[in-house]
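# Remarks on the overall topology
Below are the chains, spelled out letter by letter.
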Protein chains: 2
Amino acid sequence: MTTPTDATYADQLDATDDLAGFRQAFVNDDPHLIYLDGNSLGRLPRATTDLAADLVRRQWGSRLIRGWNEGWFDLPERIGAKIARLIGADPDEVIVADSTSVNLFKLIIAALRARPGRERIISDDLNFPSDLYIIQGAIDMLGAGHEIALAYSSDGIHGPVETILGLLDQTTALLTLSHVTFKSGFLYDINALTAAAHAVGALTIWDLSHSVGVVPIHLKESGADMAVGCCYKYLNGGPGAPAFLYIRRDLQEQLVNPIAGWMGQRNLFDFDLAYQPAPGLRQFLTGTPPVVSLALIEPGVDLLLAAGIERLRAKSVAQTEYLIELWQQRLAPLGYTLNSPRDPARRGSHISLGHPEGLGIDLALINELGVLPDFRTPDNIRLGIAPLYTSFRDIHTAVERLAQAVTEQRYLKYRDHRPTVT
Amino acid sequence: MTTPTDATYADQLDATDDLAGFRQAFVNDDPHLIYLDGNSLGRLPRATTDLAADLVRRQWGSRLIRGWNEGWFDLPERIGAKIARLIGADPDEVIVADSTSVNLFKLIIAALRARPGRERIISDDLNFPSDLYIIQGAIDMLGAGHEIALAYSSDGIHGPVETILGLLDQTTALLTLSHVTFKSGFLYDINALTAAAHAVGALTIWDLSHSVGVVPIHLKESGADMAVGCCYKYLNGGPGAPAFLYIRRDLQEQLVNPIAGWMGQRNLFDFDLAYQPAPGLRQFLTGTPPVVSLALIEPGVDLLLAAGIERLRAKSVAQTEYLIELWQQRLAPLGYTLNSPRDPARRGSHISLGHPEGLGIDLALINELGVLPDFRTPDNIRLGIAPLYTSFRDIHTAVERLAQAVTEQRYLKYRDHRPTVT
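Residues numbered from 1 in each chain as written. Chains lettered and ligands numbered in written order. Predicted model: local features only at pLDDT ≥ 70, side-chain atom pairs only at ≥ 80, totals over all residues. Heavy atoms only, no water.

Named according to an unreviewed UniProt entry, chain A is Kynureninase originating from Chloroflexus aggregans. Here chain A is described in UniProt, under the heading Cofactor (unreviewed entry), as follows: "pyridoxal 5'-phosphate". Here chain A is described in UniProt, under the heading Function (unreviewed entry), as follows: "Catalyzes the cleavage of L-kynurenine (L-Kyn) and L-3-hydroxykynurenine (L-3OHKyn) into anthranilic acid (AA) and 3-hydroxyanthranilic acid (3-OHAA), respectively." (UniProt positions renumbered as here; feature names shortened; annotations may be inferred.)

Pasting the structure below:
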């Protein structure tokens, strides 16, 4: 009889995994490599390779400017409508544009203008620093007494829900949080926090970058006002793929995009001198989108839709539970700490493990041991599980290599290094 | 002896054109097609096809997240430094980021903050409507008494230079114009207008979208403060390629990017909660750039650098002069008007021809006659000459087909159509 620490146990789990076949839909050039960074950059879908060749060689090379009328103009709404199915929104409530940061900027400004007289934006210290920078930049620019109120997590792992609820009041214009926090993987309850924000008349913006594609999201049902999210993580859209934004339909024409770009103009080719916003969500487009990077988002989204978000979540929970089981048996005795929530209902699809030699271990994994996790200061090794292509055996192997990095003191030679992207 | 209206005359010009060989560096699948829309979407360089395959299949597919440390992080500055050589700037004065519209937004806000107490932005009615929309959006957002003062061209062709000079005064925060106007192709004198703006203490932003790659530009020498420009027109960077921005070095750290994205943060991977701008121009980066679309800009820029901007300008002037000569002999008698400046020193690299049946002619050219120009309301057929790959024979053939569209009344069946992108 096998136990979880046996490799054959992992193989048995893979053998009964009805999503296992999706792994073949992705390029995998190095069978030795365990890739646990799908939450930073998703793998390349095989279909994307052909699409890229078609986009460049035929659509651009042969069709030239005609490409715009042969599909390029529709990409932001067409791909947005597919992403909508992953996040419980209607097709006309999601659009693809710009980067997550630029989209967040547009929505923050729009939210503040929609709540005049309210000066406060509430967020937490577990949010993406990039989101906090955008809030700060927006507030500094407006210079009208706005301020950010940060709720601090007591343990760096769990979101400070009670503190946030305590901060919400009549001065709150906006509550904005990461649905799944980037470091610990804490999963906020969108419904409860949106209801609390609405109870004091505040708006909400959810950053779905670390949840879209792995956690079921029901934006419409939750009453959430706005959301942004990344297409290059679990959506497998490619490096720096443009991002998406969501605005609840009844809010769309109450909000104003401060970056009044020509792609959001009502009659694009009238070339009027005065800006007239397009109806619906299209007014939140800005300049000309990067067509190649934009179009390449689609195959990855199609794979997620084919797998089904509920099945992906079930597998993701089984895999993070399995990883935690292995951590407890194999890694905790070697000094690894669990820096993610124990409760799967409050957890996304990545697990963070701390270790006093965290950075050295991370670099040994990358450079010597054939594991690609990523590192987040101060000591955090982040293991991203993408249920579409991560196998249980991947997890087992990764844990064995994490153990090896410590038992063989592989971290020693990296002690002087500084963190980089991976 | 041949005359300009003979096809052999064009062939003789091509035979002595020392840039003629560059045409082979571009994909050209349809020898019948005359492509005169390189000012909307440049052709596909052959080298870009291979680069796209490498980017997607190897850099993303095999190298995965490691791609960031293997070149992706450097792309904005590395490609920016090459574009700098096309516009007379130092390598650290140009960066590639976002779209032209988003870059313009960032710079307008930065300019207004750098000129407190001055409420006016001056532009003209020949500017890209997209730029005017961005100005309007920025002003509406700030809501602090800012206003736009538009100078109107008397003939729709020539820039209203005298009116602009008359508008400049102590209330002017910013003068922003297209270097080459998108419809008529009028070419402003950057040096003279920058000096005039500086004389009243105003800043300048030049939109170089229709001049970069075909007109020599000497930003540093001119003292220009800021500039933005497009990479998908004469730079041949691909549909919706990210744009560039220029800030004169001594201004870079006086200005503040309102969209304080993580790519512009000083220590990217410290994940500090507080934003600290990176030194130099890097603070004007925002979110994660669309790597595939961004990287594909480079081969087109390399070709322009190899050809040399002075040689490209000489050929461009010869070609627009030739086109005007043929217009006069062949097209003026058929009702075509010249909607671009006669003086080559005041003209970019495209020629606009008006005709009462302009839209129908445009559609007949596209759908029946094998010419791709583009159309700009109300009656304007815009013929873009990209000296890197447009031949004199192309111009001759295009003129013959423009004549044919009228003599055979090909426009009749398109009278009910509306303008689209081409």
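Moving on, we get to the interface of chain B and chain A. Interfaces are often sized by the amount of accessible area the parts lose when they come together. On the chain A side, the residues contacting the 84 residues of chain B number 84 residues. Taken over both partners, the interface formed by chain B and chain A buries close to 7100 Å², and the fraction arising from carbon and sulfur atoms is 69%. The partner of Asp29 of chain A in a salt bridge is Arg57 of chain B, and the shortest N-O contact between them spans 2.9 Å. Applying the counting rule to chain B against chain A returns 20 residue pairs in polar contact (both at pLDDT 80 or more). Within the residue set of the side of chain B that touches chain A, elements represented by two or more residues are helix H2 (46-60), helix H4 (100-114), helix H5 (129-142) and helix H9 (291-295) of chain B. It is H5 of chain B that provides the largest number of residues to the side of chain B that touches chain A, a total of 11 residues. Classifying every residue of the side of chain B that touches chain A gives 46 nonpolar, 25 polar and 13 charged. (Contact = heavy atoms within 4.5 Å. Buried area = accessible area lost by both parts, 1.4 Å probe. Salt bridge = Lys/Arg side-chain N within 4 Å of Asp/Glu carboxyl O. Polar contact = N/O pair within 3.5 Å; in protein donor to acceptor, adjacent residues only side chain to side chain. Helix = DSSP H or I, 4+ residues; strand = E, 2+ residues; numbered from the N terminus. Nonpolar A, V, L, I, M, F, W, Y, C, P; charged D, E, K, R; others polar.)

Turning our attention to the domain arrangement of chain A. Residue and element names in this part refer to chain A. By domain assignment, chain A separates into domain 1 (7-46 + 308-414) and domain 2 (71-305). On a C-alpha basis, the centroid separation for the pair domain 1 and domain 2 is 29 Å. In this assembly, 37 residues from domain 1 lie in contact with 29 residues from domain 2. Buried surface at the junction of domain 1 and domain 2, both sides included, amounts to about 2500 Å², of which 60% is carbon and sulfur. If you look at where domain 1 meets domain 2, you find zero salt bridges. One can count 16 residue pairs in polar contact (both at pLDDT 80 or more) joining domain 1 with domain 2. Sorting the residues of the side of domain 1 that touches domain 2 by element identifies helix H11 (309-331), strand E10 (350-354) and strand E13 (380-384) as the ones contributing at least two each. Among the elements that make up the side of domain 1 that touches domain 2, the one with the highest residue count is H11 (four residues). By residue class, the composition of the side of domain 1 that touches domain 2 is 16 nonpolar, 14 polar and seven charged. (Domains from an automatic or database assignment.)

Residue and element names in this part refer to chain A. Residue Pro378 is bonded to the preceding Thr377 through a cis peptide linkage, with omega at 0°. On the secondary structure map, Pro378 appears in the loop between strand E12 (374-376) and E13. Notably, Leu64 is not glycine yet its phi reads approximately 55°, a positive angle. Of note, Leu64 is situated in the loop between helix H2 (46-60) and helix H3 (75-86).

Time to look at the sheet that holds E10 of chain A. All names here are of chain A. Taking strand neighbours across the sheet as the criterion, the four strands line up as E9-E10-E13-E12 in an open arrangement whose pairing is antiparallel. The sheet is open, and its two borders are formed by strand E9 (337-338) and E12, each paired with just one other strand. Across three bridges, E12 lies against E13 in antiparallel orientation. Looking at the pairing, Asp374 lines up with Arg382 of E13. Running over the sheet, H11 touches E9, E10 and E13 and is turned about 20° from E10. (Pairing = 2+ DSSP bridges. Axes fitted to C-alpha atoms, helices over the stretch in contact; angles between N-to-C directions.)

Let us now look at the UniProt feature "modified residue: N6-(pyridoxal phosphate)lysine" (unreviewed entry) in chain A. Residue and element names in this part refer to chain A. Those places that UniProt annotates as "modified residue: N6-(pyridoxal phosphate)lysine" (unreviewed entry) correspond, in this numbering, to Lys233. What Lys233 contacts, discounting residues up to four positions off in sequence, is Gly38, Asn39, Ser40, Gly42, Ser209 and His210. A distance of 3.3 Å separates the side chain of Lys233 from the backbone oxygen of Asn39, its partner in a polar contact.

Time to look at the packing of aromatic side chains. Applying the stated criterion to the full structure yields 19 aromatic pairs over all chains. Judged by centre distance (5.5 Å) and plane angle (55°), the rings of Tyr133 of chain A and Tyr275 of chain B are tilted. With Tyr133 of chain A in helix H5 (residues 129-142) and Tyr275 of chain B in the loop between strand E8 (243-247) and H9, this residue pair bridges two chains. Taken as a pair, Tyr133 of chain A and Tyr275 of chain B share a single burial class, namely buried. Judged by centre distance (4.9 Å) and plane angle (45°), the ring pair of Trp68 of chain B and Phe73 of chain B falls under tilted. (Phe/Tyr/Trp six-rings, centres within 6.5 Å; stacked < 30°, edge-to-face > 60°. Buried < 20%, exposed > 50% of the residue type's maximum accessible area, 1.4 Å probe, protein only.)

With that settled, consider the packing of helix H11 (residues 309-331) of chain B against helix H13 (residues 392-407) of chain B. Residue and element names in this part refer to chain B. Contact geometry for H11 and H13: axes closest at 10 Å, N-to-C directions at 25°. As the angle between them shows, H11 and H13 are arranged roughly parallel. The element H11 and its partner H13 pack so that their crossing is right-handed. Counted together, Lys315, Ala318, Gln319, Tyr322, Leu323, Leu326, Arg330 and Leu331 of H11 and Phe392, Ile395, His396, Val399, Glu400, Leu402 and Ala403 of H13 form the full contact between these two elements. Considered class by class, the residues forming the contact of H11 with H13 number 10 nonpolar, two polar and three charged. (Parallel < 35°, antiparallel > 145°, perpendicular 65-115°, else oblique. Left-handed = near helix turned anticlockwise from the far one by under 90°.)

This model, assessed by the stated rule, comprises 54 salt bridges over all chains. For Asp90 of chain A, the salt bridge goes to Arg249 of chain A, with nearest N and O atoms at 3.1 Å. In this pair, Asp90 of chain A is assigned in the loop between H3 and strand E2 (94-97) and Arg249 of chain A in the loop between strand E8 (243-247) and helix H9 (291-295), connecting sequence segments 159 residues apart. Judged by relative accessible area, which is 22%, Asp90 of chain A ranks as partly exposed. Residue Arg249 of chain A is classed as partly exposed on the basis of its relative accessible area, which comes to 39%. Here Arg393 of chain B ties to Asp11 of chain B by a salt bridge, and the two come within 2.7 Å at their closest N and O atoms. Taken together, the residues span a long stretch of sequence, with Arg393 of chain B in helix H13 and Asp11 of chain B in helix H1 (residues 7-15) at a distance of 382 residues. Classification of Asp11 of chain B by relative accessible area gives partly exposed; the value is 31%. Residues joined in a network through salt bridges with shared partners are Asp90, Asp92, Glu93, Lys220 and Arg249 of chain A.

The topology assignment puts Ser153 of chain A in the loop between strand E4 (147-151) and helix H6 (161-167). Dropping the residues within four chain positions of it, Ser153 of chain A is found in contact with Asp125, Leu126, His158 and Pro160 of chain A.

Let us look at the packing of helix H3 (residues 75-86) of chain B against helix H10 (residues 298-307) of chain B. Residues and elements named next belong to chain B. Between H3 and H10, the shortest axis-to-axis distance is 10 Å and the interhelical angle comes to 30°. Between H3 and H10, the angle falls in the class roughly parallel. The hand of the H3/H10 crossing is left-handed. Of the residues in H10, those touching H3 at Arg78, Ile79, Lys82, Ile83, Arg85 and Leu86 are Glu298, Val301, Asp302, Leu304 and Leu305. Partitioning the contact of H3 with H10 into residue classes produces six nonpolar, no polar and five charged.

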